[in-house]
Amino acid sequence: MVTFWVAAFIFVTVGIGLIYTVIRFRRKPGQGIPKQVHGSTKLEIGWTIVPIIILGALAIPTVMTEFYISEPPAGDQLTINVVAHQWWWEIEYPESGVITANELHVPVGTTINVEMTSNDVIHSFWVPKLAGKMDIFPGKTTSLWFRADEVDEYFGQCAEFCGESHVWMKFRVLAEPISEFEAWQQKQLADAAKPTTPEETQGASTFVAKGCIACHTISGVLGAAGVIGPNLTHMGGRGTIAAGTMEMNQDNLREWLSDPNEVKPGNIMANSPMSLAYTNPNFALTAEDINNLVAFLHSLK
Amino acid sequence: MASIAGALRRPTSPTGLWRWMTTVDHKKIGVLYGVSSFLFFLFGGLEALIMRVQLARAGHDIVSPEVFSQLFTMHALTMIFLGVMPLSAAFFNLMVPLMIGARDVAFPRLNAFSYWVFLFGAIVLQSGWLLGGSPNVGWFAYAPLTSSSFSPGNGMEFYIVGLGILGISSVAAALNFIVTIINMRAPGMSLMRMPVFIWMTLITSFLLITAFPVITVGLIELYFDRTFGMNFFNSAAGADVVLWQHLFWVFGHPEVYILILPAMGIVSEVLPTFSRKPLFGYPVVVLSGITIGFMGWAVWSHHMFTVGLGPIANSVFAITTMSIAVPTAVKIFNWIATMWGGSISLKTPMLFAIGFIAMFVIGGLSGVMHSVAPADAQQQDTYFVVAHLHYVLFGGSIFAIFSGIYYWFPKASGRMLNDRIGQINFWLVTIGFNLAFFPMHFLGLDGMPRRQYTYQSEMGWDLWNLVSTTGSLILAIGILVFLHNFFRSLRHGEIAGNDPWDGRTLEWSISSPPPEYNFATIPTVHGRDAFWEEKYGHDGMNVPASVEASNATEEGHHGIHMPSPSYMPMIAAIGLSVAGYGLIYHFAASVVGACITLVAIFGWAMEPPAEPTE
Amino acid sequence: MHHSQVSEHATTTGIDHRKMLIWVFLGSECMFFGSLLATYLIYYGQSLPGTPTPGEILDIPTTSVSTFVLLMSSLMMVLAYSSISRGNVRNFRIWILCTALLGSTFLGFQIFEFTEFAREGLTPKTNLFGTTFFTLTGFHGAHVTVGVIWLLSLFGYSFKGDLTKDGGVNVDLIALYWHFVDVVWIVIFTVVYLIGITNAVHNAHG
């Protein structure tokens, strides 16, 4: 912010100087050749030194802040591992063992240390209201830290162009009181909620029969151990679908499952040969299939 | 005298199209560069307009994300490599020999070669639109998104081969101008008596020859990965994909100085002329340019502040970046001081030059904001960067180029561009430009990332995007006004005469347009602003003596022998392009292309630069 | 008044345009080879374990011979230029042919080495060492090849035209280029071969 005000001040000063000069020395009719001044050493020294001083002053907080943001402060911290994929966020809490996707829950007031790597191309982790961004690379780990001081839901998005659906690679950070956070963790560690209604039950078996298990894990559903796509064990409890693209509700779920390319062009679910339901006519989803799946997935709180 | 076993007689007095295709005259080559690059500039502008229409509203679906990504990639590539750079080259070609009192450049055929290679390289780069898809990974094309697995198809090949060929053009031209400026100055024109535009051309040329090899290596490495399965950017084999970013930006940062220094040179000529005062602090302005040229090598990682290089690296690059603001600021102060106490005429060239100062200050200041590395962690990859880069590249380079066009069009064509229409041009462009790009500062700080083909309405970005799009349309109208002025003036423009602006430098001492040989007698120079001295005496204040027409008519050649036209440069360029397409489609074509180029080079070496007059 | 490309015409510095051009061009080439070398050095030691290393593959004795051959070719080049600048076209032809011959011999050694390495399991695709090594030395070899073609062209031209004019500047140009290519090889030999082996020996001795 300091920089902005310095910049604004400089702009106004130089701008006024420029406008004043142009007006004052506008050519008048009959005016002869003005005095041919070639330079002034004093002025040169002056207007070299002043910028140096201003920039030098700016450099000090710059370096200090740069060091501040690069390492998390000493003390308690919670580490979260993030693996960025085209175009979703795989999230793991190494201490508790929670695995989820596209939504981070963090306890308010705690230093969070995010360790990140990419499964494919370069991505970038950015929650504008909480911290600057940090790029994510295949083959190495980068990290950033933040601390949410207020209970709130923060919007995040990928900030390095990563392909067709880069725009739709978003996520949410929910900062909550520590008790709520721990309750959430416990819930995440449990197996998936068992289906109760007939649609949900049918949906669970459709999930297996139509090959969703090739890419997705749902703990407690036999065979659903795929790790190519997000972990869906508790997806019904998340605020959004398809990496922050749409709010979680049954209508949106239906829209997503009916035509994923419409929601997220080029997405892997609808285009990969591994995804039988979308690329193999023998496994195509019927309207009834989709209704049942919607019910089932929505029930996975 | 025949060349290549008599198969291809050297053109003797070609006319019409052949005249243009075999010319080695720097003035014609300058026109070729100017016309081609302006067409590409318009094309790049069209790409921008499509994007702006797409972004005018949330959720718009004028174009698909795939097409949008090709648009933002090609818009940048077109504007930088086929717009600003060759427009600068147009000025180098048209003006450098005239301003140093020379008859042509050191290597006229190499000069023609540079142009044809540029044109064919541009065609290769643009091939994707017709041949299966343009590159769609952003103009800086970060690995591994550019690998064959994530970018199948030929888009990346057009990028690699296109830029590779364009690099050859730029390096050849730069070599030519370095030798020309160092070795062909009129007697008495020491380095510190050269016009500042010449200095900036010299510095830019040195930057070109040192920076382009670095990106060439990067392009080669990417090509090898994609074509031969090598491992330069293969993280599975232990490679670091950030290597691409280092190679790219070690080139990329000097590249932006390549884009701005010629513009600064133009403005350094226009301001004194229209203030009727010499450039204030000439040695300091020159030294600042040299300093910027050197320091430009020390700042590249400010494009990589969010890559996790560590606080020490980030701090070092933040400080070097801030340092480069000092010579830049010094130049701006010297320009304003040039006007101070002068007699300012607000003709169109001057309007654009003053506009340049204002816009460049804004762009420079947003650059300083970026140099604060921790702040950049928020600003990087957002519309704040887009605002900054357009203020310096459009508000800077393009404004200066328009200034140069209005200033030197009379010299090149013999006619004046209409000044009233020019004023309308200027104001439409200025208003449109600022409406288009100033709001992007707000969008960036409000969290809108760049390279997004659409956005959601809840984000609250609708209003500024709409304002921006409106501005871009006004800007486009301003450009159309320019085109109208250009075509109208070619036919009906007021006759310019030698020296319509009461200029200070040598080009104004000869006719408009100049004769083929430029100067009937090479002038002897006694100081800076040599022509002004000649007119007004050493203190510059005398009443102008009647300056004798210093050029002979066409009959009296005075035995001046100009270099002869040649087919070889164009043939060599064709060979290069065939070879280039061969690298994309089939290596056999590369062999054929290489042979064509080799034959052309032999022909070139065998024919003398100038045929004896029959 | 003739056009400036002929050296009789005065140049501001007194240096022939063509000589200045080639010097600046070689400056550009320094950046080119510098970037390739930088890539090599950045990836030095980073290849996946279990894949071929410089210590295992490089053959110092053989490459020392080829290096010597290339150095000798530079001597031949000096003799060629010396001959032509004194107007001795016959000797010039001998020495420039020798230059080209030794240059080709060097290339022959390179081809032999590369095929050996491939046989031993190192190709450009194998690992980072293979990728960077072959690219760096391959582009050097390409530059030598261009040089050989240039040398032979001058040899041929000496029967048709007059290479002695302008003090033999045309031969001066190839001489500068040839020496440059030789210097680049010295750097590559030192950094890639000698230092690569030193580290391997170091590691082997624990």
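A few points about the overall build of chain A
If you tally the helices and strands in chain A, you get nine helices and twelve strands. Radius of gyration (C-alpha) of chain A: 28 Å, far over the 19 Å computed for a compact globule of 301 residues. In terms of overall dimensions, chain A has a C-alpha envelope of 95 × 50 × 35 Å along the principal axes. Buried residues in chain A amount to 50% of all 301 residues. Sequence-distant contacts in chain A: of pairs separated by 6 or more residues, those separated by 24 or more amount to 59%. Of the roughly 14,000 Å² of accessible surface on chain A, a fraction of 62% belongs to carbon and sulfur atoms.

Examining a nonpolar patch on the surface
A cluster of nonpolar side chains, Phe11(A), Val12(A), Ile16(A), Tyr20(A) and Trp340(B), forms an exposed patch at the surface whose accessible area comes to about 500 Å². Looking at where Val12(A) falls in the secondary structure, it is placed in helix α1 (residues 2-24).

Topic: the domain arrangement of chain A
All names here are of chain A. Segmenting chain A into domains produces domain 1 (77-177) and domain 2 (198-298). Once you take the C-alpha centre of each, domain 1 and domain 2 turn out to be 23 Å apart. If you look at the interface, domain 1 gives 16 residues, while domain 2 gives 19 residues. Counting each side, the surface lost to burial between domain 1 and domain 2 is near 1,400 Å², with a carbon and sulfur contribution of 51%. Looking only at domain 1, the three residues that lose the most surface to domain 2 are Trp88, Trp168 and Arg172, adding up to 34% of its buried area. The shortest N-O distance in the salt bridge between glutamate 247 and arginine 172 comes to 3.2 Å. Taken together, the connections running from domain 1 to domain 2 amount to nine residue pairs in polar contact (both at pLDDT 80 or more).

Details of the packing of helix α9 (residues 311-339) of chain B against helix α10 (residues 348-371) of chain B
All names here are of chain B. At a minimum axis separation of 10 Å, α9 and α10 run at an interaxial angle of 160°. The angle between the axes of α9 and α10 places the two elements in the roughly antiparallel class. Handedness of the α9/α10 crossing: left-handed. On α10, the residues that touch Ala318, Thr321, Met322, Ala325, Thr328, Ile332, Trp335 and Met339 of α9 are Met350, Ile354, Phe356, Ile357, Phe360, Val361, Val368 and Ser371. In terms of residue class, the contact of α9 with α10 is built from 13 nonpolar, three polar and no charged.

As for the interface of chain B and chain C
Between chain B and chain C, the contact holds 48 residues from the first and 38 residues from the second. Regarding the contact of chain B and chain C, the summed buried area is about 3,500 Å², with carbon and sulfur atoms giving 70% of it. In this structure, the connection of chain B to chain C is made through zero salt bridges. Here chain B is connected to chain C by 13 residue pairs in polar contact (both at pLDDT 80 or more). When contributions to the side of chain B that touches chain C are tallied by element, the ones reaching two or more residues are α4 (108-126), α5 (155-183), α6 (196-228), α7 (242-275) and α17 (587-606) of chain B. The element contributing the most residues to the side of chain B that touches chain C is α6(B), with eleven residues. Tallied by class, residues from the side of chain B that touches chain C come to 33 nonpolar, nine polar and six charged.

Describing the environment of Ser468(B)
All names here are of chain B. For serine 468, the location among the structural elements is in helix α14 (residues 462-492). The class of serine 468 is buried, set by a relative accessible area of 0%. C-alpha of serine 468 to C-alpha of aspartate 419: the two residues are 49 residues apart in sequence and 28 Å apart in space. Non-local contacts of serine 468, meaning those with residues more than four positions away in its chain, are made with Arg52, Leu435, Ala436 and Met440. There is a polar contact of 3.3 Å between the side chain of serine 468 and the side chain of arginine 52.

Concerning the pattern of salt bridges
Residues and elements named next belong to chain B. Within the structure shown, the criterion is met by 17 salt bridges over all chains. Ionic pairing is found between glutamate 157 and arginine 226, a salt bridge with its closest N-O pair at 2.8 Å. Here the residue glutamate 157 occupies a position in helix α5, and arginine 226 occupies one in helix α6, the gap between them amounting to 69 residues. Each of the two residues, glutamate 157 as well as arginine 226, counts as buried. Salt-bridge contacts for aspartate 502 lead to arginine 276; the nearest nitrogen and oxygen are separated by 2.5 Å. Pair noted here: aspartate 502 is in the loop between α14 and α15 (530-536) and arginine 276 is in the loop between α7 and α8 (282-295), with a separation of 226 residues, a long-range link. Accessibility expressed as a relative area gives 14% for arginine 276, which makes it buried. Among the charged side chains, a network of salt bridges with common partners joins Arg276, Asp499, Asp502 and Lys535.

Let's talk about the sheet that holds strand β1 (residues 77-85) of chain A
All names here are of chain A. What the five strands build is an open sheet, ordered β3-β2-β1-β5-β8; its pairing is mixed. Taken across any chain shown, the strands that pair with only one partner, and hence form the sheet edges, are β3 (98-101) and β8 (142-147). Across the sheet, the mean angle separating the axes of adjacent strands is 25° when strand polarity is ignored. The pairing of β1 with strand β5 (residues 111-118) spans eight bridges and is parallel. Bridging across to β5, leucine 78 finds its partner in isoleucine 112.

Some words on the confidence of the model for chain C
Overall, the prediction assigns chain C a mean pLDDT of 92, with 92% of residues at 70 or greater. In the predicted complex, the global pTM is 0.95; the interface-specific ipTM is 0.94.

A look at the interface of chain B and chain A
Chain B puts 89 residues into the contact, and the matching count from chain A is 70 residues. Here chain B packs against chain A, burying approximately 6,600 Å² in sum over the two surfaces, 69% of which is carbon and sulfur. Where chain B packs against chain A, one counts one salt bridge. In this structure, Asp240(B) and Lys140(A) form a salt bridge, with 3.2 Å as the shortest nitrogen-oxygen distance. The interface formed by chain B and chain A includes 22 residue pairs in polar contact (both at pLDDT 80 or more). Broken down by element, the residue count for the side of chain B that touches chain A peaks at 17 residues, all from α9(B).

Digging into the nonpolar core
Generally speaking, a soluble globular protein has its nonpolar side chains buried in company with each other. Residues Phe125(A), Phe81(B) and Phe356(B) are the most contacted members of the largest nonpolar core, which totals 298 residues. Setting aside residues up to four positions removed in sequence, Phe81(B) forms contacts with Pro86(B), Phe118(B), Trp139(B), Leu163(B), Leu166(B), Phe212(B), Phe251(B) and Glu255(B). In this structure, Cys212(A), Ala224(A), Ala277(A) and Leu297(A) belong to the second largest nonpolar core, which totals 25 residues.

The rules behind the values
- Residues numbered from 1 in each chain as written.
- Chains lettered and ligands numbered in written order.
- Predicted model: local features only at pLDDT ≥ 70, side-chain atom pairs only at ≥ 80, totals over all residues.
- Heavy atoms only, no water.
- Helix = DSSP H or I, 4+ residues; strand = E, 2+ residues; numbered from the N terminus.
- Rg over C-alpha atoms; globule rule 2.2 N^0.38 Å.
- Buried < 20%, exposed > 50% of the residue type's maximum accessible area, 1.4 Å probe, protein only.
- Contact = heavy atoms within 4.5 Å.
- Areas by Shrake-Rupley, 256 points an atom, 1.4 Å probe, with all protein chains shown as cover.
- Patch = residues over 30% accessible without salt bridge, like charges linked within 9 Å, V, L, I, M, F, W, Y side chains within 5 Å.
- Salt bridge = Lys/Arg side-chain N within 4 Å of Asp/Glu carboxyl O.
- Domains from an automatic or database assignment.
- Buried area = accessible area lost by both parts, 1.4 Å probe.
- Polar contact = N/O pair within 3.5 Å; in protein donor to acceptor, adjacent residues only side chain to side chain.
- Axes fitted to C-alpha atoms, helices over the stretch in contact; angles between N-to-C directions.
- Parallel < 35°, antiparallel > 145°, perpendicular 65-115°, else oblique.
- Left-handed = near helix turned anticlockwise from the far one by under 90°.
- Nonpolar A, V, L, I, M, F, W, Y, C, P; charged D, E, K, R; others polar.
- Pairing = 2+ DSSP bridges.
- pLDDT = per-residue confidence, 0-100.
- Core = buried A, V, L, I, M, F, W, Y, C linked by side-chain atoms within 4.5 Å.

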